[in-house]
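# What the coordinates show
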Amino acid sequence: MIRIKVGQDLLKANDRIARSNRELLRSRGILCLNLISSPGAGKTSLLEVTCRRLGPGVRMAVIEGDLATDRDAARLERFGIPVVQINTGTACHLDASMVSAALEELPLGEIDLLAIENVGNLICPAGWDLGESYRVMMLSVPEGHDKLAKYPLVVRKADLLVVNKTDLAEACDFDWDVLARDLEALNPALEWIRMSCRTEEGVDEWIAWLRARMDVSAR
Amino acid sequence: MHELALAGALLDALRDSADERGIRRIGRVRVVMGALSCADPRALHFAFDVLKTQDDRTEAAQLEIEVEPARARCRHCRHEFTASWWQYRCPQCQQFGVELEGSDEIRLDWYEGE
Ligand SMILES: Nc1nc2c(ncn2[C@@H]2O[C@H](COP(=O)(O)OP(=O)(O)OP(=O)(O)O)[C@@H](O)[C@H]2O)c(=O)[nH]1
Ligand SMILES: [Mg+2]
Ligand SMILES: [Zn+2]
């Protein structure tokens, strides 16, 4: 037996594809979001509100990582936007090659904002770069105020945290101080928005966050 | 759960290298996992042992995982220590607010083959 030195990062192949996705999207002036949350936190609801609020002036498209059904895709197709569903069966996260294949099905010349709804999971998607411009982590109030500490990698790698379902905060005894303390410990620079897709609290702030970044990527 | 995908990537990397070097049988395989990688060594072991049997060259491979600790420093009392996981409560002053500096990479370091 001989010993062979390799020294290769196992995610290198993924990162290479992610880089080419990112270059492609950037060359077309498309702002791309990678939306990560637990199952049911409200990712599709947020995209629905976003479609409604941005209106026809912003051309939006969605890549859906709902692996078992096409329900989320159907909810968004109602808005008349292009939706590509990624069907890989049982994967716990999307990877860059899945997104690369989905990009081939989209009319890239006619898109300003591309949202990728990742598979509902706060652990696995964190390690896989898809080529997005920004990572948006969503946590919903019923999951509990102590959850950030359990998913440190995604908190550390996120560009924005959306805390959804604030309309349920009282019923869930949600303690905002615990959330703030965990954020301070894990990623003090992380911007965050309190949001309710039900009452639309925080939606103006979210739309402003998006518009500011869309203006930059369109240049 | 993504350990299955990681094990697949690890076996791909091993096969690529074995092809290049004309290796027909792989023995020890050394993986270095950054403390901040959020992968579970036991789950990676398990997934590797399931998938390795799909190829004659990797069938007898034995995986060894080394966790590379992160450097940790408390923002409050400046206590410095090493962490093998996402630790953000300071063991000295018990406050939250530890800065961690370390790798989140999972790297195939070396393997033995013939
Ligand atoms: N009360 C309340 N319910 C919400 C809010 N946002 C979403 N929901 C509800 O939460 C449930 C799940 O929402 P989805 O948007 O499907 O969540 P998701 O993250 O896309 O779920 P998966 O794709 O299955 O992981 C639905 O019943 C929504 O109506 C909110 O702000 N407040
Ligand atoms: Mg959904
Ligand atoms: Zn301390």
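Remember, predicted model here, so these are calculated numbers, not experimental data.

The next point concerns the sheet that holds strand β3 (residues 60–64) of chain A. All names here are of chain A. As summarised here, the arrangement of the seven strands in space is β4-β3-β5-β2-β6-β7-β8, forming an open sheet in which the pairing is parallel. The open sheet terminates on both sides in strands that have one partner only, identified here as β4 (83–85) and β8 (191–194). Direction aside, neighbouring strands of the sheet carry axes that sit 20° apart on average. Lying over the sheet, helix α2 (residues 43–54) contacts β2 (31–37), β3, β5 (113–117) and β6 (134–140), oriented at roughly 170° with respect to β3.

Here we come to the coordination of the zinc ion (ligand 3). All names here are of chain B. Each protein donor to the zinc ion (ligand 3) is listed here as Cys74 (SG), Cys77 (SG), Cys90 (SG) and Cys93 (SG); together their distances run 2.3 to 2.4 Å. For the zinc ion (ligand 3), the four donor atoms in the first shell make angles of 107 to 114° at the metal, so the coordination geometry reads as tetrahedral. The motif formed by the donor residues of the zinc ion (ligand 3), counted along the single chain, is C-x2-C-x12-C-x2-C. Placement of the pair is cysteine 77 in the loop between β3 (70–74) and β4 (80–83) and cysteine 93 in the loop between β4 and β5 (98–101), with a sequence separation of 16 residues. What makes cysteine 77 partly exposed here is its relative accessible area of 29%.

Turning our eyes to something else, we now look at the interface of chain B and chain A. Across the boundary between the two partners, chain B contributes 36 residues, which contact 28 residues of chain A. Of the roughly 2,900 Å² buried where chain B meets chain A, counting both sides, 64% is carbon and sulfur surface. Among the residues chain B hides against chain A, the three largest losses belong to His2(B), Trp86(B) and Tyr88(B). Together they make up 20% of the total. Taken together, chain B and chain A are joined by four salt bridges. A salt bridge links Lys5(A) to Asp109(B); the nearest nitrogen and oxygen atoms lie 2.3 Å apart. Where chain B touches chain A, the interface holds 12 residue pairs in polar contact (both at pLDDT 80 or more). A per-element tally of the side of chain B that touches chain A places strand β6 (residues 106–113) of chain B first, with eight residues. Classifying every residue of the side of chain B that touches chain A by side-chain character gives 19 nonpolar, seven polar and 10 charged. Two strands pair when backbone bridges link them, and strand β1 (residues 2–9) of chain A and β6(B) are joined in this way by six bridges, in the antiparallel orientation. When the sheet's bridge partners are listed, Gln8(A) is paired in β6(B) with Leu108(B).

All names here are of chain B. Alternating residues of β3 divide into Ala70, Ala72 and Cys74, all buried, and Arg71 and Arg73, none buried. The pairing of β3 with β4 spans four bridges and is antiparallel. Pairing of arginine 73 across the sheet is with glutamate 80, part of β4. Between β3 and the antiparallel strand that follows it, β4, lie five residues; arginine 78 among them carries a positive phi value of about 70°. For β3 and β5, the ladder comprises four bridges, and the chain directions are antiparallel. Directly across from alanine 72, in β5, lies its bridge partner leucine 100.

This brings us to the coordination of the magnesium ion (ligand 2). Residues and elements named next belong to chain A. Distances from the magnesium ion (ligand 2) to its protein donors, namely Thr44 (OG1), Asp72 (OD) and Glu117 (OE), fall within the range 2.0 to 2.1 Å. Expressed as a motif, the donor residue spacing for the magnesium ion (ligand 2) is T-x27-D-x44-E. With threonine 44 in helix α2 and aspartate 72 in helix α3 (residues 71–77), this residue pair connects regions lying 28 residues apart in the sequence. Accessibility expressed as a relative area gives 14% for aspartate 72, which makes it buried.

This part takes up the site of ligand 1. Residue and element names in this part refer to chain A. Around ligand 1, 18 residues are found, and the nearest of them are Lys43, Thr44, Ser45, Asp167 and Cys197. Burial of ligand 1 by the protein chains amounts to 74% of its free accessible area of 650 Å². Sorting the residues of the shell around ligand 1 by element identifies α2 and α3 as the ones contributing at least two each. A total of three residues in the shell around ligand 1 trace back to one element, the largest contributor, which is α2. Tallied by class, residues from the shell around ligand 1 come to four nonpolar, seven polar and seven charged.

Calculation notes
- Residues numbered from 1 in each chain as written.
- Chains lettered and ligands numbered in written order.
- Predicted model: local features only at pLDDT ≥ 70, side-chain atom pairs only at ≥ 80, totals over all residues.
- Heavy atoms only, no water.
- Pairing = 2+ DSSP bridges.
- Helix = DSSP H or I, 4+ residues; strand = E, 2+ residues; numbered from the N terminus.
- Axes fitted to C-alpha atoms, helices over the stretch in contact; angles between N-to-C directions.
- Contact = heavy atoms within 4.5 Å.
- Donors = N, O, S within 2.8 Å, 3.2 Å for Na, K, Ca; no water.
- Tetrahedral: all angles 85-135°; square planar, octahedral: opposite > 155°, others 65-115°.
- Buried < 20%, exposed > 50% of the residue type's maximum accessible area, 1.4 Å probe, protein only.
- Buried area = accessible area lost by both parts, 1.4 Å probe.
- Salt bridge = Lys/Arg side-chain N within 4 Å of Asp/Glu carboxyl O.
- Polar contact = N/O pair within 3.5 Å; in protein donor to acceptor, adjacent residues only side chain to side chain.
- Nonpolar A, V, L, I, M, F, W, Y, C, P; charged D, E, K, R; others polar.
- Near = heavy atom within 4 Å.
- Areas by Shrake-Rupley, 256 points an atom, 1.4 Å probe, with all protein chains shown as cover.

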